[in-house]
Structure formats: C-alpha cells, structure tokens
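Topology and contacts: notes
Listed below are the residues making up each chain.
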Amino acid sequence: MATASLPYGAADGAHALTARQRAARPGGAHDTRVRLLKWLLPVLAFAVLAAIVIVPMTKVSEFSFLLAKDKVGVAAERLRIDNAVYRGETEKGEAFTISAQGAVQRSSAVAIVELTGLKAKLAMADGPATVTAPAGRYFIENDRLQVTGPVRLDSTAGYTLDSDTVDIDLNTRRVSTETPVTGTLPIGNFSAARMSGDIQGRTLVMDGGAHLRIRGRTGRAGR
Amino acid sequence: QVSALKGLDSSAPVDVDAARIEVQDAANQAVFSGDVVIRQGQLTLYADNVKILYTRKTGDPEMQRLDARGNVRLISPSERATANNGIYDVAGRIITMTGNVTLDRGGSMLKGQRLVLNLDTGLSSFDSRGPGTTGTPGRVTGRFVVPQRK
C-alpha cells in the first residue's frame, strides 16, 4: 500500500520539508505564536473590560456639572430692552409711542417701566407733540409718565420745563409738577413753586409764587 | 416837570412776580394775580391783578398791552402814582391810570380821576374825567410845593 506522504509527519526526510511545513511542526514558529496568544488574548479582553468599568469611576470628569439654580447668573430684572419703542393708545384712542434708549421693568408684579433717554410722541389734533426727557418712569396701567430732569415739550407752542419730577398724563394730556420748576415759554422764562398745564402749552398755570421774565420785543429774554 | 420814565425802553424785557401766573396761549394773554409786581427799566408797577396781552406776528410773542387792576401803584425815580386801575400801552408807550388817581411828584400831590403819562415826552396830563366816560364833572385838586429858593 502506498504510504500517503504525510506532509508534516515525515520524520525521515526532515531536511526535505518546506518552510511552511517546518513552521507547522509541533514546537515550530506557529505553535509558539499560538501558545503565546492562548494566554495573551484573554488577558487583553479582561483588561479592556476592566478599563470600561473602572476608568469612569476613578478619574474626576471635569466637564460634567450640576446646574445649581442659585449659582447660575440670574437676570435681576424681568425685562430689559435696549432702544425700546412702546406703542400705545390712550383711552380716547389717540396713538402715542414712547421710545427710550433703555427700558427696564423690575418685576412683573410692578407695572412700571423705568426708561432712560426717553422721547414720547403723541398724535394730536393739530400736529404731534413730543416730550423728551433724560429719564423717567412709565406707569403702564394708567398711561402716566413721570420724568425727571429737564423736560422738553415740543408742539405748536413748544416749551421746556426743568424740575425734579414732572408728571405727564397721556390720557388727559396734562403736565404737572409739584416741585419747584423753571422753564421757558414762547413769551419768556419762568420759575415757580408749582406748575400745571396741557402738553401743548395752551394754558399753563404757575403758582405758589411765580416769576416770569417776558422777552423784550427786540432781544431774547436773556438780553 | 418831566418824569424820569421819559424814554423808557418799552421793548425791554419785563419782569413779573406774582402769586399765580396763568398763561393762555390760545388767547395770547397772560393773567397774573396776587401781589403782582411788574418791573421794566425804572418803572415798577404794583397791582392785585394784571393781564398782559401780546400778539404773535413774527412767531415771537410781542407784548402789546398791560392791564392792571386793584390797588395799582406806579413807582418811578421821579414820582409815585396810585389808582384803582392802570393801563400800560406798550406799543403806544402811554401809561393811563384811572380811578382815584393820586400823583406824588417831588412833594406836590395831585388828585383826579385820570392820569395819562406819555413815555415819549415824559409829560403827564391830569384830568378829572372818569375812566373811559366823557365829561363827568370832577375836580382836579393839587397841592404844589414850591422849592425853597436858597
């Protein structure tokens, strides 16, 4: 019977084996490699598993955080608008707009908007009347403006007032101040303890001791 | 005798002090009430109520007339006059005082019903006609002081 030539069992012709056959012999290169891998691979697998489980707990991960309500920057006011324009209508349906460089409403409970650099424009029967003041507060519910500092009222007559606080009621179109006031009217400069009048300057009452310097015919009041 | 108010600049600014001022722009007038004091140049006018009428031709209001009522006193460096009413016609440069007018000028006293002081000439004319009415009999009484001749 012909002996099947076993490529790897031929002990007699060892020197006649090919490289591949030599490597495949027991104890050859392939065996050592497999023996090595037999313990290396499980160890690697275990190491990777360990890494997955242990690593998240050991290191302090710096990017995760707990959102604390008090630590977060809370805006103090409820509403802040820059270059705000507020369009409204008086009870009689006359439109008015209030524009301001800055408008802040402290909280929703208080219906007052604090304005800086404000200019109120009212549509009137005989032309618009504008009220300009450096700062003031707008009472939303009753359409009332309370402004501080020099107030300019431009309209057909056009006059200016300077007083601590000037109340302007957009509904009744009246301007009044209880604090000492100075101002200029078309006919001259005045100062008084109190003053009230309509926005257009049709009728103005200054009392509590008032002084009016009527402009001379040729020169201005201050001549 | 010529009043010191001669040549008073009626277009000079007028200073008005009062307890209450009401400006009625629509009617082009301003109403002053309560110890009104009006000063223009050397003229000082006291009254209980004053109404100033102005016109607005060139946009800038110009004072036309000044009506003073109640305890009107006119004070100037050269004379003192009192009356019930006074009218200062700014444009016409004439001050008219009516109703129990007394004029005290340098010690000499004049009484009558109507005094007209012309600011251009500085002269004042006195008559006894009632204010605005014509020819009511009245007398002008006067007491003159003759300056001592040293």
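Quick caveat, the model's predicted, so the values are computed rather than measured.

Here we look at the overall build of chain A
- Of regular secondary structure, chain A possesses two helices and ten strands.
- The 223 residues of chain A split such that 34% are buried.
- Of the contacts made within chain A by residues no fewer than 6 positions apart, 34% connect residues no fewer than 24 positions apart.
- Carbon and sulfur atoms form 62% of the exposed surface of chain A, whose accessible area is close to 13,800 Å².

Overview of the overall build of chain B
- Within chain B one finds zero helices and nine strands.
- When the elements of chain B are put in sequence order from the N terminus, they spell out β-β-β-β-β-β-β-β-β.
- When burial is assessed residue by residue, chain B has 46% of its 150 residues classed as buried.
- When the accessible surface of chain B is summed, it comes to about 7,300 Å², and 52% of that surface belongs to carbon and sulfur atoms.

Some words on the interface of chain A and chain B
- Contacts between the two partners involve 25 residues from chain A and, on the opposite side, 29 residues from chain B.
- When chain A packs against chain B, the two sides together hide about 2,200 Å² of surface, and 51% of this comes from carbon and sulfur.
- Viewed at the interface, chain B and chain A are joined by one salt bridge.
- One salt bridge connects D15 of chain B with R213 of chain A, and the closest N-O pair in it is separated by 2.5 Å.
- The interface formed by chain A and chain B includes twelve residue pairs in polar contact (both at pLDDT 80 or more).

A short note on the environment of D31 of chain A
- Topologically, D31 of chain A is positioned in helix α2 (residues 29-58).
- With sequence-adjacent residues up to four places away left out, D31 of chain A is seen in contact with R25 and P26 of chain A.

As for unusual backbone geometry
Residues and elements named next belong to chain B.
- Phi angles above zero are rare outside glycine, and N28 is one such case at about 50°.
- Position of N28 relative to the elements: it lies in the loop between β1 (14-24) and β2 (29-40).
- Positive phi outside glycine occurs at D35, with the angle close to 50°.
- Looking at the element boundaries, D35 is found in strand β2.

Remarks on the UniProt feature "transmembrane region" (unreviewed entry) in chain A
- Sequence positions flagged by UniProt for "transmembrane region" (unreviewed entry) are, in local numbering, residues 39-57 of chain A.
- The span residues 39-57 of chain A carries 100% helix and 0% strand; its end-to-end C-alpha distance comes to 28 Å.

Some details on the packing of aromatic side chains
All names here are of chain A.
- Within this structure, the stated rule accounts for three aromatic pairs over all chains.
- Each ring, one from Y86 and one from Y138, has its centre 5.1 Å from the other, and the planes form 55°; the classification is tilted. Of this pair, Y86 sits in strand β1 (residues 79-89) while Y138 sits in strand β4 (residues 129-139), and the two are 52 residues apart along the sequence.
- Here the aromatic rings of F96 and Y138 are separated by 6.4 Å at their centres, their planes lie at 65°, and the arrangement is edge-to-face. With F96 in strand β2 (residues 95-105) and Y138 in strand β4, this residue pair connects regions lying 42 residues apart in the sequence.

Remarks on the side chain of S163 of chain A
Residue and element names in this part refer to chain A.
- For S163, the location among the structural elements is in strand β6 (residues 159-169).
- A polar atom in the side chain of S163 sits 2.9 Å from the side chain of T177.
- Reaching out from S163, the side chain makes a polar contact with the backbone oxygen of P180 at a distance of 3.1 Å.
- Apart from residues lying up to four places away in sequence, S163 is in contact with T148, G149, T177, T179, P180 and V181.

Considering the nonpolar core
- In this structure, I168 and M206 of chain A together with F32 of chain B are the most contacted members of the largest nonpolar core, which totals 72 residues.
- The element contributing the most residues to this core is strand β3 (residues 43-55) of chain B, with six residues.
- Setting aside residues no more than four positions away along its own chain, I168 of chain A makes contact with V131, D143, R144, L145, V147, V151, R174, V175 and I199 of chain A.

A look at the side chain of N171 of chain A
Residues and elements named next belong to chain A.
- Mapped onto the secondary structure, N171 falls in the loop between β6 and β7 (174-177).
- On the basis of relative accessible area, N171 is assigned to the buried category, the value being 8%.
- Sequence-distant contacts of N171, defined by excluding residues within four places in its chain, comprise T90, E91, K92, N142 and D143.

A closer look at the confidence of the model for chain B
Residue and element names in this part refer to chain B.
- Averaged over chain B, the pLDDT score is 84; the fraction of residues at 70 or greater is 88%.
- For chain B, per-element mean pLDDT is lowest for strand β9 (residues 141-143), which scores 73, and highest for β2, which scores 93.
- Complex prediction metrics read pTM 0.67 and ipTM 0.78.

Comments concerning a nonpolar patch on the surface
All names here are of chain A.
- Nonpolar side chains collect at one region of the surface, where V48, L49, I52, V53, I54 and M57 lie side by side and expose about 620 Å² of accessible area between them.
- Here I52 shows up in helix α2.
- In this structure I52 comes out as exposed when scored by relative accessible area, which is 58%.

A few points about α2 of chain A
- With 30 residues, α2 of chain A should reach 44 Å at 1.5 Å per residue; the first-to-last C-alpha distance of 41 Å fits that figure.
- Residue I52 of chain A marks the point of greatest curvature in α2 of chain A, where the axis turns by about 30°; the proline P56 of chain A follows within four residues.

Details of the pattern of salt bridges
- Overall, the coordinates contain nine salt bridges over all chains when judged by the stated rule.
- Across the pair D167 of chain A and R144 of chain A runs a salt bridge, and its minimum N-O distance is 2.9 Å. Highlighted residues: D167 of chain A in strand β6 and R144 of chain A in strand β5 (residues 144-154), separated in sequence by 23 residues.
- Between R93 of chain B and D120 of chain B there is a salt bridge whose closest N-O contact spans 2.5 Å. Residue R93 of chain B is found in the loop between β5 (79-89) and β6 (94-105), and its partner D120 of chain B is found in the loop between β7 (108-118) and β8 (124-127); the two are separated by 27 residues along the sequence.
- D120 of chain B gets classed as partly exposed once you look at its relative accessible area, which sits at 42%.

Criteria and thresholds
Residues numbered from 1 in each chain as written. Chains lettered and ligands numbered in written order. Predicted model: local features only at pLDDT ≥ 70, side-chain atom pairs only at ≥ 80, totals over all residues. Heavy atoms only, no water. Helix = DSSP H or I, 4+ residues; strand = E, 2+ residues; numbered from the N terminus. Buried < 20%, exposed > 50% of the residue type's maximum accessible area, 1.4 Å probe, protein only. Contact = heavy atoms within 4.5 Å. Areas by Shrake-Rupley, 256 points an atom, 1.4 Å probe, with all protein chains shown as cover. Buried area = accessible area lost by both parts, 1.4 Å probe. Salt bridge = Lys/Arg side-chain N within 4 Å of Asp/Glu carboxyl O. Polar contact = N/O pair within 3.5 Å; in protein donor to acceptor, adjacent residues only side chain to side chain. UniProt positions renumbered as here; feature names shortened; annotations may be inferred. Phe/Tyr/Trp six-rings, centres within 6.5 Å; stacked < 30°, edge-to-face > 60°. Core = buried A, V, L, I, M, F, W, Y, C linked by side-chain atoms within 4.5 Å. pLDDT = per-residue confidence, 0-100. Patch = residues over 30% accessible without salt bridge, like charges linked within 9 Å, V, L, I, M, F, W, Y side chains within 5 Å. Expected span 1.5 Å × (residues − 1). Bend = angle between axes of the 7 residues up to and from the residue.

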